[in-house]
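# Structural overview
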Amino acid sequence: MKPLKIAGIGYCVPETVITNDDLTKLYETSDEWIFSRTGIKERRVVSGNETAIDLGYDAAKKALDKSGFKPEDIDCIISAASAPPQLYPTLSCTLQAKLGIPNQVPAFDLTAACTGLIYALQVARGFIGAGIYKTILIVAADNNSKITNWEDRGTSILFGDGAGAMVVTESDDGIDDILSINISADGSIGQMIQTNMPSQCCPLVEQADEVGTGKIIMNGKDVYKFAVSTVPAYVEECIQKSGMKSEEIDYLIPHQANQRIIESIQNRLKYTDDKVISNIKYYGNTSAASIPIALVEGVEQGKIKLGSTAVLCGFGAGMTWGAAVVRLRKGIC
Ligand code: UT7
């Protein structure tokens, strides 16, 4: 396989902040309850006409800028969105036009919820590895706040909006930035997190018993149990596959779903706090965007030094999960 280089990464979050205290205006809850169970203090949400498209556009521009590639250099776009503002045209097609990426360049979305970035990276790796496309833009963008049931205090406390983007390309120095990558799914437990689209049958036929609401329905307890029982061992296996020892990897950059889930992975790897990147306190769960947001912000805040290695991991609806050991070159963000 041809080697892949991670050339640039960017992120964008909306400006509007909703704190835990703000949520007490919606239902009975408290900052203490939310923070102690999740590690979240506040999240960012889109407002007015702002959507994940705007966030994805901004993140993509930053990733392109850092990569040194121009829109005309991109020869494939893959977007990972749990619930894009429009089913079609897809986020990728919309961003192609907005960013000035030449038409005829293939553009498509994949749905792997919070694991979307790792899934997209695996697909991009296949394309680049096989020599099908050379330089791929990956965008992970979600406006979860628009599909959250704001009457459900068990789920709406968790989610926030944001976007991350990566430019990956065929490596020009023979070094592969993906040391190992694994993606997985188990549809038999898919009911743990659902978003059922509003729909109706043809008015001339019998109607379905249930009509979707388009809102997230989640069994938090089951998702929690699934995550802590599946992800830590999976991450360890992915590290073994890379040929590295866990202590040789510089950082763990996990999907930001719950601080206690992050700690379960940290404990398995026996990592000290300085190796674990967590910013869930300020952003909540931004789905597939959470890994690139944590990565770039970690660099901006001096928690991550580039010229290093990291293990990324994600999990979410589907159920899906995935992990990757990657090289973080200097200058990528
Ligand atoms: O990308 C994957 C996304 N999903 C996840 O990662 C979700 C993982 N799961 C979780 O993070 C946790 O399950 C939650 C934080 C969502 C919930 O925590 P929990 O400890 O599992 O709480 P619970 O749903 O079992 O509820 C415990 C109690 C209930 O009251 P009773 O029935 O014991 O009287 C709830 O009604 O807490 C109550 N409760 C709340 N109280 C105050 C539920 N939500 C709230 C709230 N504020 N926001």
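The shown structure was predicted, so the numbers you read here are calculated from the model rather than taken from an experiment.

## Some remarks on the domain arrangement of the protein
Partitioning the protein into structural domains gives domain 1 (4-170) and domain 2 (179-328). Distance from the C-alpha centre of domain 1 to the C-alpha centre of domain 2: 14 Å. Each partner contributes to the interface: domain 1 provides 45 residues, whereas domain 2 provides 44 residues. Across the interface of domain 1 and domain 2, roughly 3600 Å² is buried in total on both sides, 68% from carbon and sulfur atoms. It is Y11, C114 and I118 in domain 1 that bury the most area against domain 2; as a group they hold 19% of the surface buried on that side. Linking domain 1 to domain 2 there are zero salt bridges. The tally of links from domain 1 across to domain 2 stands at 17 residue pairs in polar contact (both at pLDDT 80 or more). Residue assignment for the side of domain 1 that touches domain 2 shows that the elements contributing at least two residues are β1 (4-12), α2 (31-38), β3 (42-44), α5 (116-129), β6 (135-142) and β7 (162-170).

## Some details on the site of the ligand
As a structural note, the neighbourhood of the ligand is formed by 21 residues, with T29, G220, K221, H255 and N258 the closest of them. Contact between the ligand and N258: an oxygen atom at 2.7 Å from a side-chain N or O atom of the residue. Here the ligand is seated within the largest pocket. Broken down by secondary-structure element, the contributors of at least two residues to the shell around the ligand are α2 and α6 (220-242). Element by element, the count of residues in the shell around the ligand is highest for α6, at four residues. Its residues assigned to classes, the shell around the ligand comprises 10 nonpolar, seven polar and four charged. Residue contributions to the shell around the ligand reach at least three from each of two domains, namely domain 1 (4-170) and domain 2 (179-328).

## Some thoughts on the side chain of T169
Counting through the fold element by element, T169 comes out in strand β7. Among the polar contacts listed, one links the side chain of T169 to the backbone oxygen of K134, at a separation of 3.2 Å. Discounting chain neighbours no more than four positions away, the residues touching T169 are P3, L4, K5, A7, F69, I128, K134 and T135.

## Remarks on the nonpolar core
Counting 46 residues, the largest nonpolar core has I136, I138, V168, I253 and L328 as the members making the most contacts within it. If one sorts the elements of this core by residue count, α5 sits on top with eight residues. Here this core spans two domains, and each of domain 1 (4-170) and domain 2 (179-328) adds at least three residues to it. Setting aside its immediate chain neighbours within four residues, I253 contacts I277, I291, A294, L295, I304, A310, V311, L312, C313 and L328. Grouped together as the second largest cluster of nonpolar side chains are 39 residues, V231, M244, I261 and I280 included.

## Section: the pattern of salt bridges
Applying the stated criterion across every chain yields a total of eight salt bridges. Salt-bridge contacts for D58 lead to K62; the nearest nitrogen and oxygen are separated by 2.8 Å. Taken together, the residues span about one helical turn, with D58 and K62 both in helix α3 (residues 52-67) at a distance of four residues. For the salt bridge of E236 with R268, the shortest nitrogen-to-oxygen distance reads 2.9 Å. Pair noted here: E236 is in helix α6 and R268 is in helix α7 (residues 259-269), with a separation of 32 residues, a long-range link. A relative accessible area of 24% places E236 in the partly exposed class. Put simply, D173, D177, R327 and R329 are held in one network by salt bridges that share partners.

How each quantity is defined
- Residues numbered from 1 in each chain as written.
- Predicted model: local features only at pLDDT ≥ 70, side-chain atom pairs only at ≥ 80, totals over all residues.
- Heavy atoms only, no water.
- Domains from an automatic or database assignment.
- Contact = heavy atoms within 4.5 Å.
- Buried area = accessible area lost by both parts, 1.4 Å probe.
- Salt bridge = Lys/Arg side-chain N within 4 Å of Asp/Glu carboxyl O.
- Polar contact = N/O pair within 3.5 Å; in protein donor to acceptor, adjacent residues only side chain to side chain.
- Helix = DSSP H or I, 4+ residues; strand = E, 2+ residues; numbered from the N terminus.
- Near = heavy atom within 4 Å.
- 1 Å grid on protein atoms, 1.4 Å probe; cavity = no way out; pocket = protein on both sides within 12 Å on 5 of 7 lines; lining within 4 Å.
- Sits in = over half its atoms within 2 Å of the grid points.
- Nonpolar A, V, L, I, M, F, W, Y, C, P; charged D, E, K, R; others polar.
- Core = buried A, V, L, I, M, F, W, Y, C linked by side-chain atoms within 4.5 Å.
- Buried < 20%, exposed > 50% of the residue type's maximum accessible area, 1.4 Å probe, protein only.

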